[in-house]
There are 2 protein chains.
Amino acid sequence: MRGKATSLDIAHLAGVSQPTVSRALRGSPMVNEETRKRILAIAEQLNYKVDKNASNLRAQQTGTLALLLFEDPTTDESHINPFFLPMLGSITRACARHGKDLLISFQQLSNDWHADYADSHKADGLILLGYGDYLAYEGKLSKLLAQGTPFVRWGAVLPDQPGLSIGCDNVGGGRLAGEHLLSLGRRRVAFLGDASSHYPEFLERYEGCDAALREAGTAMDRALQVDAESAEESGEAAAQALLSRGLPFDAVFAASDLIAIGAMRVFAEHGLRIPDDVAVVGFDDIPAARIATPALTTIRQDTTQAGELLVEKLVALVDGDAAASERLRTLLVVRRSTSAG
Amino acid sequence: MRGKATSLDIAHLAGVSQPTVSRALRGSPMVNEETRKRILAIAEQLNYKVDKNASNLRAQQTGTLALLLFEDPTTDESHINPFFLPMLGSITRACARHGKDLLISFQQLSNDWHADYADSHKADGLILLGYGDYLAYEGKLSKLLAQGTPFVRWGAVLPDQPGLSIGCDNVGGGRLAGEHLLSLGRRRVAFLGDASSHYPEFLERYEGCDAALREAGTAMDRALQVDAESAEESGEAAAQALLSRGLPFDAVFAASDLIAIGAMRVFAEHGLRIPDDVAVVGFDDIPAARIATPALTTIRQDTTQAGELLVEKLVALVDGDAAASERLRTLLVVRRSTSAG
DNA sequence: CTGAAAGCGCTTACAG
DNA sequence: CTGAAAGCGCTTACAG
C-alpha cells in the first residue's frame, strides 16, 4: 500500500463499507461492537489517521482554535510580553484536553486579522491576547461580533463590551496594592502606567488603589501619575519623568512588573533605597519579579486559570452554548521591594 | 446571500466558470488580466476567503507547519523554558512571511506525537523544540525520518544524526566562556550541567570550555562538574552540591542562564561574593540574565536567526528542496557577574 | 485564455 | 446495525 491509508482501505480489509469505518472510528453507538473492534485493530495496524481536511470540509468545522497575540507596534520585534508566556502554556494544554488544535499568530494591532482565520475556515474561534490601546481595538471586536465569529479576549471586563472577556479583578488587585502600602505607612503613592480608557486594565488598577487610599482618608495624586506601557524601557522613562517632577513620594504602584523593574533600576541609579525610601509594588507576578533586586512585591494574576477559562468559554461559544465574561481573583505577593529583610 | 461566499458564487457574479475564479485568485498567469480584476473585485466585496479545508484536501497539502515543544516531565507544568520564547516569536513571524500557518503543541517527551500531525494532514512538517534527554529522543527522530515526515529540530548538531538540526555552536560558545574566565585569571572552573551524551548541547559547552583551558595549559576538573537540568531549582541544587564537596573553585560556567541564576542565589546566601570569590558565566542570554543581581555574563544564542532558519529549512524540505543542518555563531555578553563595577 | 469533468477523503441524511 | 448515494469547496488535468 503506497501513500497514507484511507478509510476506504480499511473498509476493504475489514469487509465493511467506508461509512461504517467512519462511524466506528468516531465512536458512533450505531455500530456493532465486534465490527468496531475489527476496524479499530486494522486502523491501528495501518497507523491510520483521519484526514482532517476532509473531515473538516465535510463537517464544516475545524476542531481548531486560533490564538492571536497582538503586540504594540512600538514594542521590540523579538519580545513577547512575558506575562503571556505561562498563559500560552495553559492555553495549549487546555486545547489538548478539549481535543482542539491551536493555531498561533502574532499580529500587529493594525493588521486586518479579524476576517482571516474564521472566514477561511482555519479555525472555529479566536482567542485574543495582547496589551494595546483598547479604543483602537474595540471596533474590531464589534466587527467580529457582527460577523458571528466566536471569540474570547483577555483583558479588562467592562460593561457593554462587545463579546466575551476574561480578565482579572484589576480593581481588587489595585485595592490590594493600596491597602498593603497603607499598612506600611505610605501615603504618597505614585502610579506608573497609562491610567486612561485607552488602557482600561491599568485604569482599573489605578482606581482600585485610589479607592483603598480614599477609605483611609487620603487619595492618589494625579500629579504622581506618569504614563507608561508594559515594558522595562517604558518603566525607566516613567521613573525618570517622575523624579524630574521633584514631588515627594514614598511608594510606587506600577501598572505591570516590567514597568516596576525598569523603574527600580532608575531609582537604584539615583541612590534611592528600596523599600526604605520608596516601596514598590508591581502587577502580574512574572518570573522576573522574583529575580529582580530587590525581589518585587506584586499582584499575581492566575494565568493558568486564565488560559483554561479562555479555552473553556470559547469552546462553549463554538458549540453554541451560553458563556459569560468572568473576573479572576488576584493575590498579593509580598517580597523585599516593600518589606525590609 | 446566506453563509460564507464560495468560489461558485463569485463565478456566477463574474459570469465565468468556477475554475477560472480559482485560477484568478491564486494568481495563475493563464487568466485574462481584465477578468482577473473583475473577479478580485467581487471577491473583495463579498469578503471571500478560500476555504482552507477544501483547497488543502484537493491539493493534498496543508500550508501549515506544526511546532512541537517538549517539556521534561520533571519540569513545572506551567512554565516554558524562557529561552524558547523569543524563538517562538521569530518562528511565528517567519511562518507568516512564508505564508504558512503555525500549529502549536506542548508535549511530554513520552507522548506519541511523532505520528499524529503529519499523518492526519494537519501539518506538512514539524519543528521540534525542547530540552530533554537526547538519547530518549533520537529513536523518535529516526521514526519520523523513516515515515518521510519533514522535520527540523533545534539542538546540538551532531554527526550521523537523524534528520536536520539547527543549533548554536556550543563548542565555540563554551570556548568563549573559558577564554573569558582565563582572561580574568580564573583557573578552577566548575561546570553546572549534565555534561553527558544525554544532553549533547551541555556536553559540547563543557568540552569547548575545557578546550580553552587546555590551550592555556590547564583543564576542567570533573570533580567540579555537577549535573543539572535547565531550571533555577536545578541550579540551586547543583550549587549546593558543589559547595558541599568542599573543593576550591574561583569560577562557575553554568550550562544555561537558569542554572546560573539559581546558583548565584545559593552563592549569595553562603556569603560568596560575585565576581570576587566566584565569577559566573551562563548560557543563552534570556531576559532574566540582565535583571539578575549581579547581571549575568553569558553566551548569547541568536534566537531570531534560529527561528528564521528553522522555518526556512523546513519549508525547503516540504518543497522537496535540499537543506542541511547548520550551526549558529554565539556571542559573549559581559556583565557584572564576571567584571566588577 | 476558458470551461466541463473528475476527484481529494471524509460525514451525513436516507433507506433498509 | 449497515450500505449506497450525495456532497462539502476547492484544484487539476484535459480539451478546446
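Predicted, not measured: the structure shown is a model, and the values here were computed from it.

So, about the side chain of D210 of chain A. Residues and elements named next belong to chain A. Along the chain, D210 falls in helix α9 (residues 200–215). Given a relative accessible area of 12%, D210 falls into the buried group. Setting aside chain neighbours within four positions, we find D210 in contact with A219 and M220.

Around DNA strand C lies a shell of 25 residues, among which S7, Q18, S22 and R58 of chain A together with R23 of chain B are the nearest. Put simply, 60% of the atoms of DNA strand C that lie within 4 Å of the protein are in sugar or phosphate. Here a phosphate oxygen of DNA strand C and a side-chain polar atom of Y48 of chain A are 2.7 Å apart. One of the backbone nitrogen or oxygen atoms of A54 of chain A is found 3.3 Å away from a base nitrogen of DNA strand C. Counting only elements with at least two residues in the surface near DNA strand C, the list comes to α2 (18–25) and α4 (52–59) of chain A together with α2 (18–25) and α4 (52–59) of chain B. For the surface near DNA strand C, the leading source of residues is α2 of chain A, giving four residues.

Interface extent is often summarised as the accessible area lost during association of the parts. Counting residues at the interface gives 50 residues for chain B and 49 residues for chain A. Of the roughly 4300 Å² buried between chain B and chain A, counting both surfaces, carbon and sulfur atoms make up 56%. For chain B, the biggest contributors to the area lost against chain A are N53, R93 and I291 of chain B; these three give 15% of the whole. Run the count over chain B and chain A and you get four salt bridges. Of the charged contacts in the structure, one is a salt bridge between R290 of chain A and E232 of chain B, with a shortest N-O distance of 3.0 Å. Between the two partners, chain B and chain A, sit nine residue pairs in polar contact (both at pLDDT 80 or more). Counting residues per element, the ones that place at least two in the side of chain B that touches chain A are α4, α5 (84–97), β2 (101–108), α6 (113–119), α10 (232–245), α11 (257–269) and α12 (287–291) of chain B. Looking at the side of chain B that touches chain A, its residues break down into 20 nonpolar, 15 polar and 15 charged.

Along the chain, N53 of chain A falls in helix α4. Given a relative accessible area of 6%, N53 of chain A falls into the buried group. Sequence separation of N53 of chain A and K122 of chain A is 69 residues, and the distance between their C-alpha atoms is 10.0 Å. In this structure, N53 of chain A is in contact with K52, N53, N56, L57, Q61, T62 and H121 of chain B, ignoring residues within four places of it in sequence. A polar side-chain atom of N53 of chain A sits 3.4 Å from a polar atom in the side chain of N56 of chain B.

Right, let's talk about the packing of helix α8 (residues 170–183) of chain A against α9 of chain A for a bit. All names here are of chain A. The N-to-C vectors of α8 and α9 enclose an angle of 40°; their axes lie 6 Å apart at closest approach. Relative to α9, the element α8 is oriented oblique. The chirality of how α8 crosses α9 is right-handed. Facing α8, whose interface residues are N170, V171, G174, R175, G178, E179 and L182, α9 presents E201, E204, R205, G208, C209, A211, A212, L213 and E215.

This brings us to the relation of the copies chain B and chain A. Take chain B, turn it by 180°, move it 0.0 Å along the axis, and it overlays chain A with an RMSD of 0.0 Å. What the superposition gives is, in effect, a two-fold axis relating one chain to the other. Interface residue correspondence from chain B to chain A reaches 98%, placing this contact among same-surface, isologous pairings.

The environment of DNA strand D is made up of 25 residues, and the closest members are R23 of chain A together with S7, Q18, S22 and R58 of chain B. One nitrogen or oxygen atom from the side chain of R23 of chain B is found 2.9 Å from a base nitrogen belonging to DNA strand D. Contact between DNA strand D and A54 of chain B: a base nitrogen at 3.2 Å from a main-chain N or O atom of the residue. Of all the secondary structure elements, the ones that give two or more residues to the surface near DNA strand D are α2 and α4 of chain A together with α2 and α4 of chain B. The element that contributes the greatest number of residues to the surface near DNA strand D is α2 of chain B, accounting for four residues. Partitioning the surface near DNA strand D into residue classes produces nine nonpolar, ten polar and six charged.

Our focus in this paragraph is the pattern of salt bridges. A side chain of one charge can pair with a side chain of the opposite charge when the charged atoms of the two come close. All names here are of chain A. Under the counting rule described, the total for this entry stands at 30 salt bridges over all chains. E201 is the salt-bridge partner of R205, the closest N and O atoms lying 3.8 Å from each other. You can see R205 and its partner E201 sitting in helix α9, four residues apart, about one turn around the helix. Residues R205 and E201 agree in their burial class; the two are buried. Of the charged contacts, one joins D210 and R214 as a salt bridge, the two residues approaching to 2.7 Å between their closest N and O atoms. Of this pair, D210 and R214 both sit in helix α9, four residues apart, which is roughly one turn of that helix.

All names here are of chain A. Taken domain by domain, chain A holds domain 1 (7–50), domain 2 (64–168 + 303–328) and domain 3 (170–302). Each of domain 2 and domain 3 has a C-alpha centre, and these two points are 27 Å apart. Tallying the contact residues gives 22 residues for domain 2 and 17 residues for domain 3. Taken over both partners, the interface formed by domain 2 and domain 3 buries close to 1700 Å², and the fraction arising from carbon and sulfur atoms is 53%. Three residues stand out in domain 2 for area buried against domain 3, namely F83, Y131 and C168, and they jointly supply 33% of the buried area on that side. At the boundary of domain 2 with domain 3, the tally comes to zero salt bridges. The tally of links from domain 2 across to domain 3 stands at seven residue pairs in polar contact (both at pLDDT 80 or more). When contributions to the side of domain 2 that touches domain 3 are tallied by element, the ones reaching two or more residues are α7 (134–147), α13 (303–318) and β11 (326–328). For the side of domain 2 that touches domain 3, the class distribution of residues is twelve nonpolar, seven polar and three charged.

Thresholds, definitions, all that
- Residues numbered from 1 in each chain as written.
- Chains lettered and ligands numbered in written order.
- Predicted model: local features only at pLDDT ≥ 70, side-chain atom pairs only at ≥ 80, totals over all residues.
- Heavy atoms only, no water.
- Helix = DSSP H or I, 4+ residues; strand = E, 2+ residues; numbered from the N terminus.
- Buried < 20%, exposed > 50% of the residue type's maximum accessible area, 1.4 Å probe, protein only.
- Contact = heavy atoms within 4.5 Å.
- Near = heavy atom within 4 Å.
- Polar contact = N/O pair within 3.5 Å; in protein donor to acceptor, adjacent residues only side chain to side chain.
- Buried area = accessible area lost by both parts, 1.4 Å probe.
- Salt bridge = Lys/Arg side-chain N within 4 Å of Asp/Glu carboxyl O.
- Nonpolar A, V, L, I, M, F, W, Y, C, P; charged D, E, K, R; others polar.
- Axes fitted to C-alpha atoms, helices over the stretch in contact; angles between N-to-C directions.
- Parallel < 35°, antiparallel > 145°, perpendicular 65-115°, else oblique.
- Left-handed = near helix turned anticlockwise from the far one by under 90°.
- Least-squares fit on C-alpha atoms with pLDDT ≥ 70 in both.
- Domains from an automatic or database assignment.

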